[in-house]
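# Descriptive analysis of the structure
Residue-level listing of the chains:
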Amino acid sequence: MAAPFSTWPWENLGSFKYLLYGPLLAKVMYSRIYEQDTQKDSCCLHILIICVLRCLIHQFWSSYSNMLFLTRNRRILQQGIDFKQIDREWDWDNFIILQALIAFLVCYIYPSLANLPLWDIRGFFIVVMLHMMASEPLYYYIHKYFHGSYLFAHYHSLHHASVVPESFTVGSATPLEHLILAGIMSIPVLGCCFAGYGSTSMIYGYILMFDFLRCLGHCNVEVVPHQLFESIPFLRYLIYTPTYHSLHHTEMDTNFCLFMPLYDALGKTLNQKSWELHKRISSNSGRRGRVPEFVFLAHVVDITQAMHVPFVFRSFASTPFKTRIFLLPMWPPSFLVMLVMWALSKTFLITFYNLRGSLHQTWAVPRYGFQYFLPFARKGINKQIEQAILRADRLGVKVLSLAALNKNEALNGGGTLFISKHPNLKVRVVHGNTLTAAVILNEIPKDVTDVFLTGATSKLGRAIALYLCRRRVRVLMLTLSTERFQMIQKEAPLDCRSYLVHVTKYQAAQNCKTWIVGKWITSREQKWAPPGTHFHQFVVPAILPFRSDCTYGLAAMKLPDDVQGLGSCEYSMERGVIHACHAGGVVHVLEGWTHHEVGAIDVDKIDVVWNAALKHGLKPVSSTTVAKHI
């Protein structure tokens, strides 16, 4: 049986918990419609506004913390935030609901709070003094008490379960802790009001600053310059830093204060490493951080998908992407951000994770899917890809893998353009298509005798066709170019060439239940597939699943179980699942291969790459599993 006040009473309501704001909203609407101007109750309106502002403060701090392209050299704990922590902190805003209901009750008991003046400068001084003299020491001693064996095990361990603190970690605590915290917060506010110096602006200012400082301490990014404490030494006892509070999460028996290290110093619980560590992290802000061994150079598919990154909505990024209604109002600001990204034209760091002790990062080119099909945009896109490759080379990155459209044949020949232009690159450039071909080929059942292949003369189409014909599988290659078909056919062994069949219409596949799609097809073209057909894909963007009697898949693999710090999904993939071309780069660096993988696919290496992927713990993913989220 759970300890009292250790679980939230509305934890099973899901999103319906926000209906608890209903009484406040109803009171506001009733007051606005039915009450006279002199009788209107503004308390509930202020409570709702404060709740929204508090949520925004936490969200803005989370966005900043996850802007790795800005904060990576200021991060205190370098590991990423994984899915377990995100799920544990999913309902981080429960405490805001709780404190809103408490405030509603207080306003009901003391209706005079609805008539506070807008401003009283004396109240600001009093609330600060009450906070320093009452709230700070009270929090310090209660916090220490919660680190006792019983209270820590039943209440406080949830908060410390989050290894890497973030702004949402602030709300990851039990109801008992937040009830006590609400009482500690109310001391300065109610004390000031009952003394006759309260004001609306004082309440807003104190509550929002309280949340701001708590998020500051949990942001895992050092934002306070050490020069400030060197200039004014005593200031270090009046305001804590993210580094200071992170030591409490890593060592737990030190740095118990709320915001003022003074009480840790008086209570002899101040960690002696606090100032030295703060100075070192603050000093490293302008220096090069840890160099990744592997970089995946991604790109944005469309404007709504651009919001599927941790620095927008961390929870949204941790689930497979699909268009949701709440994204629609954000489309206009996202479009403006897109224009800014075009103007800046710099790659940016999105995510990172650790695998086998090496740091893997995802960089993104600030270009959207439709731009890759504009002839006049190709030069600029190639320039940005080239700059990313050269930057990775300067940093000492071992392998850079090109995602989807960044390795388009018409754009740069599958990466050959950059290798030809810079023959002395130390970084290995990889398109990962060898593993993509391997994934698709190993998904095809062994008893299949016929397949239909679109995009048949592309890099992947050619390799898949040549591999299948060696297996004595009949390949219907859809292409209008007889010359290109014949060139591929000549590469096949003499006794296998008859298995490559040239077709020019989709009707030729009306009896074939295995389609390998390398070129976008419409609903009209999909109608030629018989019921029960499975569409294997290596096309970007993925085709739309028009057929309910068919299944759709993407070439993907699941990362090994020992991956650390992964907290975002790759586009529409499940958690821990990545596109096969991304996995191809991972295998390349884990194997320590020193060759570039660009241009045409070496058919003889398909099985080699596949076996290497399995050896390192990457697992094939069922196409039907992947297809659920397309």
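Quick caveat: nothing in here was measured; it's all calculated off a predicted structure. (Residues numbered from 1 in each chain as written. Predicted model: local features only at pLDDT ≥ 70, side-chain atom pairs only at ≥ 80, totals over all residues. Heavy atoms only, no water.)

## Topic: the pairing of strand 8 (residues 500-503)
Relative to strand 8, strand 7 (residues 474-478) runs parallel, the two sharing four bridges. Across the sheet, the residue bridging to Met 477 is His 502, located in strand 8. For the crossover that starts at strand 7, traverses helix 21 (residues 482-491) and ends in the parallel strand 8, the hand is right-handed. (Pairing = 2+ DSSP bridges. Helix = DSSP H or I, 4+ residues; strand = E, 2+ residues; numbered from the N terminus. Right-handed = clockwise from strand over helix to strand, strands pointing away.)

## Some remarks on empty space enclosed by the protein
In total, this model carries two cavities of 30 Å³ or more according to the counting rule given. As a volume, the largest cavity reaches approximately 280 Å³. Lining the largest cavity we find 23 residues, and of these Tyr 139, His 156, Glu 177, Leu 181 and Arg 214 sit closest to its centre. For the lining of the largest cavity, the elements supplying multiple residues, two or more each, are helix 6 (121-146), helix 7 (149-160), helix 8 (175-194), helix 9 (200-218) and helix 11 (242-251). Broken down by element, the residue count for the lining of the largest cavity peaks at five residues, all from helix 8. (1 Å grid on protein atoms, 1.4 Å probe; cavity = no way out; pocket = protein on both sides within 12 Å on 5 of 7 lines; lining within 4 Å. Points joined across faces, edges and corners; volume = space filled by probe spheres on them.)

## What to know about the side chain of His 143
Mapped onto the elements, His 143 comes out in helix 6. Judged by its relative accessible area of 6%, His 143 is buried. Excluding its chain neighbours within four sequence positions, the residues that come into contact with His 143 are His 156, His 248 and Phe 256. (Buried < 20%, exposed > 50% of the residue type's maximum accessible area, 1.4 Å probe, protein only. Contact = heavy atoms within 4.5 Å.)

## Some thoughts on the nonpolar core
In terms of nonpolar packing, the biggest core is built from 59 residues, with Leu 435, Leu 468, Leu 500, Ile 516 and Ile 606 touching the most fellow members. If you tally residues by element for this core, the top one is helix 20 (residues 459-470), at eight residues. Counting 32 residues, the second-largest nonpolar core is a separate cluster that includes Ile 184, Leu 216, Tyr 244 and Leu 258. (Core = buried A, V, L, I, M, F, W, Y, C linked by side-chain atoms within 4.5 Å.)

## A closer look at helix 8
Spacing of three or four residues puts side chains on the same side of an α-helix, whose turn is 3.6 residues. Under the 1.5 Å per step criterion, the end-to-end length of helix 8 is 27 Å for 20 residues, consistent within 8% with the ideal 28 Å. At Ser 186, helix 8 shows its maximal bend, which comes to roughly 35°, and the proline Pro 188 appears one to four places after that position. Among the residues of helix 8, those classed as buried are Pro 175, Glu 177, His 178, Leu 181, Ala 182, Ile 184, Met 185, Pro 188, Val 189, Cys 192 and Cys 193. Buried residues along helix 8 sit against helix 2 (43-65), helix 5 (94-109), helix 6, helix 7 and helix 9. Immediately beyond the C-terminal end of helix 8, within one or two residues, lies Gly 196, with a positive phi of roughly 95°. (Expected span 1.5 Å × (residues − 1). Bend = angle between axes of the 7 residues up to and from the residue.)

## Regarding the environment of Ala 2
Looking at the secondary structure, you find Ala 2 in the segment before helix 1 (22-34). The spacing of Ala 2 and Ser 498 is 496 residues in sequence and 70 Å in space, taken between C-alpha atoms.

## Comments concerning the environment of Leu 402
Counting through the fold element by element, Leu 402 comes out in strand 4 (residues 399-402). When the C-alpha positions of Leu 402 and Lys 379 are compared, they lie 17 Å apart, and in sequence the two are 23 residues distant. Those residues in contact with Leu 402 that lie beyond four places of it in its chain are Phe 296, Leu 297, Ile 385, Lys 407, Gly 415, Val 429, Val 430, His 431 and Cys 581.

## Examining the layout of surface pockets
Of the pockets and cavities examined, the second largest pocket occupies roughly 820 Å³. Around the second largest pocket sit 24 residues that line it, and Tyr 18, Trp 90, Trp 92, Asp 93 and Ser 315 are the ones nearest its centre. At the level of elements, helix 2 and helix 14 (314-317) are the ones that each hand at least two residues to the lining of the second largest pocket. In terms of residue count, the dominant contributor to the lining of the second largest pocket is helix 2 (five residues). Taken together, the residues of the lining of the second largest pocket sort by class into 13 nonpolar, five polar and six charged. (Nonpolar A, V, L, I, M, F, W, Y, C, P; charged D, E, K, R; others polar.)

## A few points about the sheet that holds strand 6 (residues 450-453)
Taking strand neighbours across the sheet as the criterion, the six strands line up as 8-7-6-9-10-11 in an open arrangement whose pairing is parallel. Only two strands of the sheet have a single neighbouring strand rather than two, namely strand 8 and strand 11 (551-554). Taken over all neighbouring pairs, the strand axes of this sheet differ in orientation by 25° on average, direction set aside. Where strand 6 meets strand 9 (residues 514-517), two bridges bridge the pair, whose relative direction is parallel. From the neighbouring strand, Leu 453 faces strand 9, where its bridge partner is Ile 516. Lying over the sheet, helix 21 contacts strand 7 and strand 8, oriented at roughly 175° with respect to strand 8. (Axes fitted to C-alpha atoms, helices over the stretch in contact; angles between N-to-C directions.)

## Digging into the sheet that holds strand 13 (residues 577-579)
Ordered by their spatial adjacency, three strands build an open sheet running 13-12-14, and the pairing between neighbours is antiparallel. Each edge of the sheet is formed by a strand with only one pairing partner; in this case those strands are strand 13 and strand 14 (619-620). Two strands pair when backbone bridges link them, and strand 12 (residues 556-558) and strand 14 are joined in this way by two bridges, in the antiparallel orientation. Bridge pairing in strand 14 places Met 557 opposite Pro 620.

## Some remarks on the packing of aromatic side chains
Here the structure, examined in full by the defined rule, presents 27 aromatic pairs. Ring centres 5.5 Å apart and planes at 80° place the aromatic pair Phe 69 and Phe 311 in the edge-to-face group. Highlighted residues: Phe 69 in helix 3 (residues 68-71) and Phe 311 in the loop between strand 1 (294-300) and helix 14, separated in sequence by 242 residues. On the basis of an interplanar angle of 70° and a centroid distance of 5.6 Å, the ring pair of Phe 69 and Phe 348 is categorised as edge-to-face. Highlighted residues: Phe 69 in helix 3 and Phe 348 in strand 2 (residues 348-355), separated in sequence by 279 residues. (Phe/Tyr/Trp six-rings, centres within 6.5 Å; stacked < 30°, edge-to-face > 60°.)

## Notes on the packing of helix 2 against helix 9
Here helix 2 crosses helix 9 at 25°, and the two axes come no closer than 10 Å. Taken together, the axes of helix 2 and helix 9 lie roughly parallel to each other. Relative to helix 9, the crossing made by helix 2 is right-handed. Side by side, helix 2 and helix 9 meet where His 46, Ile 49, Ile 50, Leu 53, Arg 54, Ile 57, His 58 and Trp 61 of the first sit next to Thr 200, Ile 203, Tyr 204, Ile 207, Leu 208, Asp 211, Phe 212, Cys 215 and Leu 216 of the second. (Parallel < 35°, antiparallel > 145°, perpendicular 65-115°, else oblique. Left-handed = near helix turned anticlockwise from the far one by under 90°.)

## Side note on the pattern of salt bridges
Enumeration according to the criterion identifies 20 salt bridges in this entry. Across the pair Glu 230 and Lys 279 runs a salt bridge, and its minimum N-O distance is 3.4 Å. Highlighted residues: Glu 230 in helix 10 (residues 226-231) and Lys 279 in helix 13 (residues 274-283), separated in sequence by 49 residues. Note on Lys 279: relative accessible area 42%, which makes it partly exposed. For Glu 591, the salt bridge identified is with Lys 615, shortest N-O distance 2.6 Å. You can see Glu 591 sitting in helix 23 (residues 580-591) and its partner Lys 615 sitting in helix 24 (residues 606-615), a full 24 residues away along the chain. Judged by relative accessible area, which is 56%, Lys 615 ranks as exposed. (Salt bridge = Lys/Arg side-chain N within 4 Å of Asp/Glu carboxyl O.)

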